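Structure assessment
The primary structure of each chain is shown beneath.
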Amino acid sequence: MTENYDLQKLREDFPSLKREIYGKPLVYLDNTATSQTPKCVVDDIVSAYYNSKANVHRGVHTLSQEMTDLQERARRRVKEYINASSIEEIIFTRGTTESINLVASSFGELLKEGDEIIVSVMEHHSNIVPWQLLGQRKGITLKVIPMNDEGVLDMDAYRKLFNEHTAFVSCTHVSNVLGTINPVKEIVAEAHRHGVPVLIDGAQAIAHQKVDVVDIDCDFYAFSSHKMYGPTGIGVLYGKKEWLEKMPPYQGGGEMIGNVSFSGTTFAELPFKFEAGTPDFIGIAALHTAIDYIASIGIDAIASHEHELLEYTTRRMMEIPGMRIFGTAPEKDAIISFLIGNSHHFDTGVLLDKLGIEVRTGHHCAEPLMHRLGVEGVVRASFALYNTKEECDRFIDALKRVAAILE
């Protein structure tokens, strides 16, 4: 275990981990889909609903002022956490998916027929479909970065995709299936060499490694609260101010306006230009608490602990006959996707659930990647700051039982 990492104390912060499933202690290994939430975050949500609930930015009364302060404090905290240059560059959305759709819709208005957008073969559907919809509307084509059998992007092939029609690059920081940590700085630098802006999907990176958007130099970075121990339904879009100022609003309504008349409308300054309607201000405020929670442990300590679990579990899984692990990149996050021989992923997942082990099965919203791997779906186990080596052992023991049943 990582030195000074008080795992048992941390687990006390997550009451859900004390549950039993079919009479067995819960082993939660579906953290890539969503993380569990510490008590401090839930307590802040409850307190805000009981004591401070009032609409933000729209009232001179005390409760409205208090809630506005809590929301904008969270915006400042996000700015600090990812090292953005300004709070004007931090836009609150409902999740990574909406953040990407916002860019596809708004930045897409700056594109023209014949333009090309580069994505990778390992993208989540939310970083494929919005660009396809844009392509259908505007005659834009997608180009795809291939990968090798380890799950590493072919950077030589990436460089060859650029031409005079290349207008945008959108790529995941960490694959939600393979765990591959992509070389995002190199991806951005190459795109910028051609004058092309880049969006990075950070949903799977934000809770597991240090993210510095200035260092990466990306033009946009998207992530979700619920994957970083925060509430559901909250997302963040970071965008460089120079681009956000050029982009038209994503939605129309209250808060995003300057003045409205029937002869025309002017829009609010950043970031409110992209935040139409009443936000989940209580969830946004609680994101601040979730970030503070991560910071109190230390992102480097979390990454080190999760990497230990990844290496240990991978090594033990390979002792099981017929084990097939998908994604063996040298730079990898704490995600293991696998199949046992030719058994169906769904059968494996159902049997593991009966033993108290919660994993994810299916194509994981990455069907093009499944086609590249030559499978219909995989089983995925993914780790978080609260998982233990003992849980990994229980997972391995359960896998051995499942493998015997499915022989």
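As a reminder, the structure under discussion sits directly above these lines.
Residues numbered from 1 in each chain as written. Predicted model: local features only at pLDDT ≥ 70, side-chain atom pairs only at ≥ 80, totals over all residues. Heavy atoms only, no water.

Any two packed helices are characterised by the angle at which their axes cross and by the distance between the axes. One can describe the packing of helix 2 (residues 39-51) onto helix 10 (residues 281-297) by two numbers: an axis separation of 9 Å at closest approach and a directional angle of 150°. As judged from the angle between their axes, helix 2 and helix 10 are roughly antiparallel. Between helix 2 and helix 10 lies a crossing whose hand is right-handed. Contact with helix 2, carried on its side by C40, V41, D44, I45, A48 and Y49, involves I282, A286, T289, A290 and Y293 of helix 10 and no other residues of that element. (Axes fitted to C-alpha atoms, helices over the stretch in contact; angles between N-to-C directions. Helix = DSSP H or I, 4+ residues; strand = E, 2+ residues; numbered from the N terminus. Parallel < 35°, antiparallel > 145°, perpendicular 65-115°, else oblique. Left-handed = near helix turned anticlockwise from the far one by under 90°. Contact = heavy atoms within 4.5 Å.)

For a regular strand, side chains alternate in direction, first toward one face of the sheet and then toward the other. The buried fraction of strand 10 (residues 235-239) amounts to five of the five residues, a majority that puts the element mostly inside the structure. Across the two faces of strand 10 the burial is the same, with G235, L237 and G239 and V236 and Y238 all buried. Where strand 4 (residues 90-93) and strand 10 come together, four bridges link them in antiparallel fashion. Each bridged residue has a counterpart across the sheet, and for I90 the counterpart in strand 10 is Y238. (Buried < 20%, exposed > 50% of the residue type's maximum accessible area, 1.4 Å probe, protein only. Pairing = 2+ DSSP bridges.)

With that out of the way, let us pick up the packing of helix 11 (residues 299-317) against helix 14 (residues 389-406). The N-to-C vectors of helix 11 and helix 14 enclose an angle of 20°; their axes lie 10 Å apart at closest approach. Taken together, the axis directions place helix 11 and helix 14 in an arrangement best described as roughly parallel. The way helix 11 lies across helix 14 gives a crossing that is right-handed. On helix 14, the residues that touch L309, Y312, T313, R316 and M317 of helix 11 are K389, C392, D393, F395, I396, D397, L399 and K400. Of the residues that constitute the contact of helix 11 with helix 14, the class distribution is seven nonpolar, one polar and five charged. (Nonpolar A, V, L, I, M, F, W, Y, C, P; charged D, E, K, R; others polar.)

Tallied over the entire structure, the rule returns 21 salt bridges. With a shortest N-O distance of 2.7 Å, D156 and R159 are connected by a salt bridge. A residue pair is termed a helical-turn pair when its members lie 3 or 4 positions apart in one helix, as D156 and R159 do in helix 6 (residues 155-160) at three residues. Looking at D156, the relative accessible area reads 48%, which means it is partly exposed. Across the salt bridge formed by D393 and R316, the nearest N and O atoms sit 2.8 Å from each other. Taken together, the residues span a long stretch of sequence, with D393 in helix 14 and R316 in helix 11 at a distance of 77 residues. For D393, a relative accessible area of 24% puts it in the partly exposed group. (Salt bridge = Lys/Arg side-chain N within 4 Å of Asp/Glu carboxyl O.)

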